[in-house]
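Observations on the model geometry
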Amino acid sequence: MITSQQPSIPVRVAGIDQVTPSVKTFTLEHAEGITLPCFSGGSHVVVTMKDAQGQVCHRNPYSLTSPPDDGRCYRISVRRDDAGRGGSLFMHERLGEGDLLEISAPVNLFPLNVLARRHVLIAGGIGITPFLAQMHELRQRGVPYELHYQFRDDDGAPYRDAIAAREPTATFYESDRGEYLDPLAILRDQPLGTHVYVCGPAGLIERVSDAAAQLGWPARHVHAEAFTAPPVGEPFTVVCNRSEREIEVPGTASVLEALEGAGLEPPCSCRGGACGECETRVLEGDIEHYDHFLSDDVKAANSRMMICVSRARSQRVVLDL
Amino acid sequence: MQAETTVAEPNVKPVETFRDDFTYSNSPEAIRRFPFPFPEDSYMYSVNIEPHNGGPPGSAYAPAFDIDEHYLSEIEERRRVLEEDPSRCTVLPHMMTAQWDTLELLMESLSTDYPQHFTLTRDGDRWTWENRLLGIRDTFTFGDPETLPREPFEYITRQVQGDFTLHDQRDDMLYMDGGMLTCQADWSLQFDLGMNFHEWHGPVPRAHEMGIFDRALKYLLNLQVGHPVRRLNWTMTVNPRMDTSPENYHKWGIDRARVTPENVGDKAHLRVELQALYRLPRSNAVLFSIRCYLISVNELATIPKWAKRFHRVLKTLPDDLADYKGFIDYRPLVVDYLSQFDDGEELTPGAAPG
Amino acid sequence: MSMPGIKSKPVYTGLTPDPGACQHVLAGEGPGTEALLRMRRELAEGNDGMAPAASSVALFYTAGAGPDRGDELARDGHGSPRFFPDTDGLCQALNEYLADAGMGVRLYVAGSEAFLWRVVASARDGVGMSEAAIQMERCGPPARPVCCIHCKTTDPAVSTTVYQCPGCGLNLFVRDHFSRRLGVYQGVCVDAEAPGDVPEPEELDS
């Protein structure tokens, strides 16, 4: 069987744009000058960052925002998170034009439903990124769609002007001015065959999901970008049952990252608790689940965990690895 | 594709037939490169998926899509089947992006693996495709179906050996929303079109209960662009008949009753499918290629290890699997016939001929 | 006769008002009358977690496979049903109605198996309605719509395990394999390997 430690694509940073004071856009080209694979709107790549000694220090997933059928370059947007685990700071402060990076092949965990007759896209802040590529695709296919974009102030609204110039269906909501999108109003009169997609803060996802449920939308027509950045927490110890190894997980690293740091290669793909690839059996210990993959029953039973985002509540967990 | 992999130069035979007079046969070289599916003396249904990233030089696993000595024969058989029943190639309208993805993947792979036969020249969206085996040279605009003589999926799969199905991914499920099926092992594209992964797999004995399809599905949902996977499947067919479709079952079903101890070595064929799965980039769909290989029991018996191994596999195969695969009635004839080749010696592990 | 491994055979449950829905539409034919009457009553009264629906719930009816019990529906006091001479007419009017409805609408269908899937296919392919928003109750005798895999002729009501295809005359075995896209079971030649050896037909029980 295969592990998903797939060979990566070497890329060169061809351009860096400061889009807002806290958001930078990176243009990536294939390091060997060849074309990159086309992708579908909503896809992300996992960016591998290495420190001065060449050691992997961060691996973060970012949505691709460039036109999906253009293999000349990829673009990703990164919001600086000073309280985060350091990946976004690395991208903002350490990376310069001409630097080399490794990325995974594009993976889509937030695809458009091709049978939909109408698409409603709802973005909060940096959550606009997957929709940038999807709107390219929808324009090309000629399928009706509308975009609703909620943000706090200009700093929280990357691409606002570009979108306003290109997307006649876009509506903007600036919370600093007291403008809030109303999911009930947006979803109330949508015709049969409509799908709604939401990407942004957990609160926005919840409000949209609640409104759709209240209006009787079938759950299959409601899609949320399920990525979770691995949270920062308390350190703990992982015991690998099969390889009989004990590995310390620091507060700022995930179990997956700690295992990789120790030279193990557990299967994984999205690194955001969404794809299910790194599901691991738990033999002992209490788990704080952060993923969107396991069912509530399985989570409550403490029998399995997604090691890319979830952490231990106990000081020690034993995993079937 | 691994760098050390080299692809065989296929010595393409003139057209042979897969019906009526059945002139199809395998050369000694084709026999030696047959993808024999049994690494052990017994068989049980399993997921058995591995990366499709090349294989031993010259083997069926080396190229992305294998072109062999039967190329012209299989292309002609496909043309005849489609002439009688055009619905054997059907793609639902929402799969147009996946059609172009398929065309690109097949043209890129074939022109890379077999530059002596196929050439793809790309000038922006202006593409020129040359297939020297069939004498085809077409220039078209990628993305514009009007510039090709047929829809892109049918255009290219009429030029490649093996069946193909297209699967859309939505709601964490794969739906079979298109295909080209002219050499299928007894299932109907027209009927199964639009089915989800579980509906389509139907009654494989024990497989649902063993959780095999749940695991395979979860695996395939995470399939990545550029990292195809493959597995082997097998059954038996009477006569070298490619089109064992349910649509024509009333015509070929009787063959199963016509196997005798005298003709079993020539009539009974091991049918192996080399199945490969590709994530398609623009559509996020999955392309499933099902490449069918046929070998008569007599041809197989020219490799002593395979005759012994196949004898043991058939003898110990559970009845429900033999029934599902459709050869339970003539299995005893094949087992008896093969017993003459099996002295009971311990065989080396693995499926290699020697 | 049922193969436990076949996952494509539909499982029908009775109709129940969906408390999450904002609008309810009923469609049925003769054999489904009982289910339609029950649904109208339950929707009008409300139930656990659901307020009574608007006083009149749209109902589309055709006698179809019969017997015709339209007069009972007209008399039951929960608004006027819309009557149609055939299923095609019903589907067309239903789609016009659904095209104006929103994402919160639920469709409840009651009748023979052939009727259920004709209505589902029409709403799904015509106005993009999700199968997740449609409930079905199979009513009347357990007859199946079956399509001959050989000549593609569909018989809308096959009641035995083996039957003769009205199109090509072959003797067909009725498999449990079902296509939701076509709304039919698969009929496959039963005596291909031994011509003339046709098993005795048995009544289908589901």
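Now for a quick tour of the structure. (Residues numbered from 1 in each chain as written. Chains lettered and ligands numbered in written order. Predicted model: local features only at pLDDT ≥ 70, side-chain atom pairs only at ≥ 80, totals over all residues. Heavy atoms only, no water.)

Some thoughts on the sheet that holds strand β5 (residues 136-141) of chain B
Sheets are built from strands that pair by backbone hydrogen bonding, the pairs being arranged parallel or antiparallel. Residue and element names in this part refer to chain B. Stated precisely, the cut-off is as follows: At least two bridges found by DSSP between two strands is the condition for calling them paired. Secondary structure elements follow DSSP: runs of H or I of four or more residues count as helices, runs of E of two or more count as strands, with numbering from the N terminus. Between the N-to-C directions of two axes lies an angle of 0 to 180 degrees, each axis being a line fitted to C-alpha atoms and, for a helix, fitted only over the stretch in contact. By definition in these notes, contact holds between two residues if any of their heavy atoms fall within 4.5 Å.
Taken together, the three strands give an open sheet; going across it, the order is β3-β4-β5, and neighbouring strands pair in antiparallel fashion. The strands lining the two open edges of the sheet, one partner per strand, are β3 (118-123) and β5. With direction set aside, neighbouring strand axes in the sheet form an average angle of 10°. Helix α3 (residues 96-113) rests against β3, β4 (126-131) and β5 of the sheet, and its axis sits at about 120° to β3.

Quick word on the interface of chain B and chain C
Here is the rule we go by: Buried area is a sum: the accessible area each of two parts loses on coming together, probed at 1.4 Å, counted once for each and added. The term salt bridge refers to a side-chain nitrogen of Lys or Arg lying within 4 Å of a carboxyl oxygen of Asp or Glu. Here a polar contact is taken to be a pair of N or O atoms separated by no more than 3.5 Å, where protein atoms must pair a possible hydrogen donor with a possible acceptor and residues adjacent in sequence count only if both atoms sit in side chains.
Counting residues at the interface gives 23 residues for chain B, matched by 24 residues for chain C. Between chain B and chain C, roughly 2000 Å² of surface is buried when both sides are summed, and carbon and sulfur atoms account for 63% of that area. The interface formed by chain B and chain C contains one salt bridge. Where chain B touches chain C, the interface holds nine residue pairs in polar contact (both at pLDDT 80 or more). Contributing elements (two or more residues each) for the side of chain B that touches chain C: α5 (189-192), α6 (197-201) and α8 (249-252) of chain B. Tallying contributions element by element places α5 of chain B first for the side of chain B that touches chain C, with three residues.

Quick word on helix α2 (residues 71-84) of chain B
This is how it is decided: Helix span is expected to be 1.5 Å times the residue number reduced by one. Exposure categories follow from relative accessible area, calculated using a 1.4 Å probe and restricted to protein chains: below 20% of the type maximum is buried, above 50% is exposed, and the middle band is partly exposed.
Helix length check: α2 of chain B (14 residues) gives 20 Å between terminal C-alpha atoms against 20 Å at 1.5 Å per residue, within 8%. Among the residues making up α2 of chain B, those that are buried are Tyr71, Ser73, Glu74, Ile75, Glu77, Arg78, Val81 and Leu82 of chain B.

A look at the pairing of strand β14 (residues 245-249) of chain A
Residues and elements named next belong to chain A. Examined bridge by bridge, strand β13 (residues 236-240) and β14 share five bridges and lie antiparallel to one another. Residue pairing in the sheet places valine 239 in a bridge with glutamate 246 of β14. What sits between β13 and β14 in their antiparallel hairpin is a turn of four residues, with glutamate 244 showing a positive phi close to 50°.

Here's the deal with the nonpolar core
Residues and elements named next belong to chain B. Using the following cut-off: Grouping buried Ala, Val, Leu, Ile, Met, Phe, Trp, Tyr and Cys residues that are joined through side-chain atoms within 4.5 Å yields what is termed a nonpolar core.
By size, the foremost hydrophobic cluster in this structure holds 74 residues, and its most contacted members are Trp234, Met236, Leu270, Phe310, Leu314 and Val334. When residues of this core are assigned to their parent elements, the largest contribution, seven residues, is made by helix α7 (residues 212-221). Not counting the four nearest positions on each side in its chain, leucine 270 is found in contact with Phe34, Phe36, Pro37, Phe38, Trp234, Thr235, Tyr293, Leu294, Ile295, Leu300 and Phe310.

Considerations on unusual backbone geometry
Going from glycine 66 of chain C to proline 67 of chain C, the amide bond is cis rather than trans, its omega being 0°. Tracing the backbone through its elements, the reader meets proline 67 of chain C in the loop between β2 (58-62) and α2 (70-75). For aspartate 20 of chain B, which is not a glycine, the phi torsion comes out positive at approximately 55°. Assignment of secondary structure puts aspartate 20 of chain B in the segment before α1 (28-32). What makes aspartate 20 of chain B exposed here is its relative accessible area of 63%. Phi angles above zero are rare outside glycine, and aspartate 171 of chain B is one such case at about 50°. Here aspartate 171 of chain B lies in the loop between β6 (163-170) and β7 (173-180).

Regarding the packing of helix α3 (residues 87-100) of chain C against helix α4 (residues 113-127) of chain C
All names here are of chain C. For clarity, the threshold we go by: Angles below 35 degrees are treated as roughly parallel, those above 145 as roughly antiparallel, those between 65 and 115 as roughly perpendicular, and all remaining angles as oblique. Rotating anticlockwise by less than a right angle from the far helix to the near helix defines a left-handed crossing, while the corresponding clockwise rotation defines a right-handed one.
Running from N to C, α3 and α4 point in directions that differ by 40°, and their axes come no closer than 10 Å. When the interaxial angle is binned, α3 and α4 end up oblique. Between α3 and α4 the crossing geometry is right-handed. Along the contact surface, α3 presents Thr87, Asp88, Leu90, Cys91, Leu94, Asn95, Leu98 and Ala99, while α4 presents Phe115, Arg118, Val119, Ser122, Ala123, Gly126 and Val127.

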